[in-house]
Amino acid sequence: MDLLRGWLSGWENTEMNLVRGCAPPLLSSVILLVAFLVYFYLPYWRVRAVPGPPATFLVGHLPALAKYGPDILRVFAKEYGPIFRFHMGRQPLVIVADAELCKEVGIKKFKDIKNRSSPPPTVGSPLHQDALFLTRDSTWSSMRNTITPLYQPARLSALIPTVQSYVRALGGSISAAQRQQPFVPFSDLALRMAIDVIGATAFGVDFALSAAQPQPEAGGDPHFAADLLSECEESMAYLRMDLSSSLSTVLGLVAPALQIPLKHFLERLPGTTDRAIRAVEARLCRRIDALVARRSGERERGEGSVDFLAALLRARGSEGDEELLAPNYIRALTYEHLLAGTRTTAFTISSVVYLVAKRPDVETKLLHEIDAFGPRDRDPTADDLHTKFPYLDQVIKEAMRFYTVSPLVARETSQQVEIGGYVLPKGTYVWLALGVLAKDPNQFPEPDVFRPERFDPTCEEEKRRHPYAHIPFGIGPRACIGQKFALHEIKLTIIHLYRHFVFRHSPHMESPIELEYGLVLEFKHGVKLIAINRDASSFD
Ligand code: HEM
């Protein structure tokens, strides 16, 4: 009885406190906690009908992603079906892991799902937000329409000699490495080449990473390339989206509404990661702006070039679309090539060579096709690349299936939309799991076997397969704009290399090879090979 009386008097006191307008700390804390829980679980609540594995409070499935990489999605797809929930902190992603549903998201219902969701590390960064990848709605469609002609076949053909010159330099670097080192650090050299290719074709600058003797860039800042690349590297390291990222990014995963205010606050505090990110992005912006100013001057002096930046500046002149091609967009679009067009292409080249190196049967067929094309000094044209190397096409497709460099494609609904029987409200993050599609045994029997012939257009497996089961460049109007360019570069590289070498795995490389997932998929310790010069071997 005394206990009850005591409790009641406590309650009366609480009421009195409330009446006086000063709730005790416990009650305020409870109210705050409830408010936070409502805020935290609201996005989940809106898509609760979609099945998914239980998520850990605050972090969701981030620890599983960090531990197992995107392969964890294969496990979840097996258990929960072709459409399921996956939690990045507070944010639920609706993962789509089925070819027909990807077609629905990427093509049939594109008008309601045309934007990408912005990953927290890019929020509030003009360098990322103003590029094609993250622009939204009508800004995206106008921008895509404006720059699509710059990726048309005639322009890409004009870039082939430039690409070919860096491919030759890669051959030289491989020979040099083979002479000087116990193994050829193949994936490193392929990345250097891919960066050089983007330097020349997008920026109009010779980064000279593949050259034996780097030449200072004529007429410009001799440190431009080195500084740009080291800043790019630093900035990319900050783009990871996990719990080791900047404080504002981590908060963005748990309470996105607070991310921007916290970011602005932390950017002012010395010693914070947010401040370091802002500083490196500011340096990158200044550097690219200076290049754009210099290249604009060249254009006015009529010094014609075929690179992307020169073409963009010409488009600005002729289209008169000052707003769309304003300096912030030109800067972001040019820089985007370094992010989107280097690691992806280099990884694919390394995958092909790594996979072929342990399959002599595939290697023999490939060499046969490449040798049949003609003498080594006959460079393939764009048309040749398209029609004369059908087996190479199959090898590249299979390597891209085996190791899907961009295993996840992020989209976001701009209207309420129904996908796979689930009603998804406006603002739902819908991510296409290309990596899961690529290993679907119904579409690719024995998915863990490297078998290029499964892409032979005459084979039953290929005929039976869903047309959107293999989409390493994405799907629909928002698919990769650089696809044809990337395939030119990959094919030119493989043709040139196999005209001169065959490759074997180096004992210095771990087996099986380890992968890691950063911005895209990468070989954790690199692809290390032995290069056998075909002139000096019995392989011919
Ligand atoms: C093997 C090489 C490459 C692969 C596998 C690849 C893959 C992808 C994928 C999966 C997407 C998302 C597509 C979607 O949402 O449906 C994408 C978008 C994009 N890629 Fe690539 N990419 C590669 C090379 C390149 C290159 C060389 C460039 C630039 C020259 C580039 C520029 C872009 C851009 C700008 C977008 C955004 C397009 C938009 O939102 O409209 N990519 N890429």
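See the structure above.
Residue indices begin from 1 for each chain and proceed along its sequence in written order. The predicted nature of this model means local features are confined to residues of pLDDT at least 70 and side-chain atom pairs, given and counted, to a pLDDT of 80 or more, with totals for whole chains, interfaces and linings taken over all residues.

**Q** Which residues make up the pairing of strand β11 (residues 528–533), and what values go with them?
**A** Within a regular strand, side chains alternate between the sheet's two faces. The pairing of strand β3 (residues 184–185) with β11 spans 2 bridges and is classified as antiparallel. Within the sheet, the bridge partner assigned to Pro-185 lies in β11 and is Lys-528. A pair of strands counts as paired when DSSP detects no fewer than two bridges linking them. Strands here mean DSSP runs of E at least two residues long; helices mean DSSP runs of H or I at least four residues long; both are numbered from the N terminus. Note that strand β8 (residues 501–505) and β11 share 5 bridges and pair antiparallel. Each bridged residue has a counterpart across the sheet, and for Phe-503 the counterpart in β11 is Ala-531.

**Q** Break down the sheet that holds strand β1 (residues 83–88) for me, with residues and values.
**A** Spatially, β1-β2-β7-β4 is the arrangement adopted by the 4 strands of the open sheet, whose pairing is mixed. Only two strands of the sheet have a single partner each, and these edge strands are β1 and β4 (408–412). Taken pair by pair, the neighbouring strands of this sheet meet at an average axis angle of 30°, ignoring direction. On top of the sheet, helix α4 (residues 72–80) reaches β1, β2 (91–96) and β7 (429–433); it is set at about 135° to β1, its chief contact. Whenever a helix is involved, its axis is fitted only over the stretch in contact; in every case the axis is a line through C-alpha atoms, and angles between N-to-C directions fall within 0 to 180 degrees. Contact criterion: two residues are in contact if their C-beta atoms, reconstructed from the backbone, are within 7 Å.

**Q** Run through unusual backbone geometry, naming residues and quoting values.
**A** Going from Ser-511 to Pro-512, the amide bond is cis rather than trans, its omega being 0°. Its location among the elements puts Pro-512 in the loop between β8 and β9 (515–517). We note that Asp-137 has phi near 50°; this positive angle belongs to a residue other than glycine. Mapped onto the elements of the fold, Asp-137 is located in helix α7 (residues 137–147). Put plainly, a residue is buried at 20 or more neighbouring C-beta atoms within 10 Å of its own, exposed at 12 or fewer, and partly exposed in between, counting only other residues' C-beta atoms, which are placed from the backbone. According to the C-beta neighbour criterion, Asp-137 is exposed, with 10 such atoms within 10 Å. For Ala-208, which is not a glycine, the phi torsion comes out positive at approximately 60°. With respect to the secondary-structure elements, Ala-208 resides in the loop between α9 (186–203) and α10 (224–237).

**Q** Break down helix α2 (residues 25–46) for me, with residues and values.
**A** Side chains that are three or four residues apart share a direction in an α-helix, a result of its 3.6 residues per turn. For α2, which comprises 22 residues, the first-to-last C-alpha distance of 32 Å matches the rise-based estimate of 32 Å (1.5 Å per residue) to within 8%. What is called the bend at a residue is the angle between a pair of axes, fitted to the seven residues leading up to and ending at it and to the seven starting from it. The largest bend in α2 is about 35°, located at Phe-40, with the proline Pro-43 one to four residues further on. Taking burial as the measure, the 22 residues of α2 include 0 buried ones, a minor fraction of the element. Between the first and last residue of a helix there are one fewer steps than residues, each counted as 1.5 Å, and that sum is the expected span.

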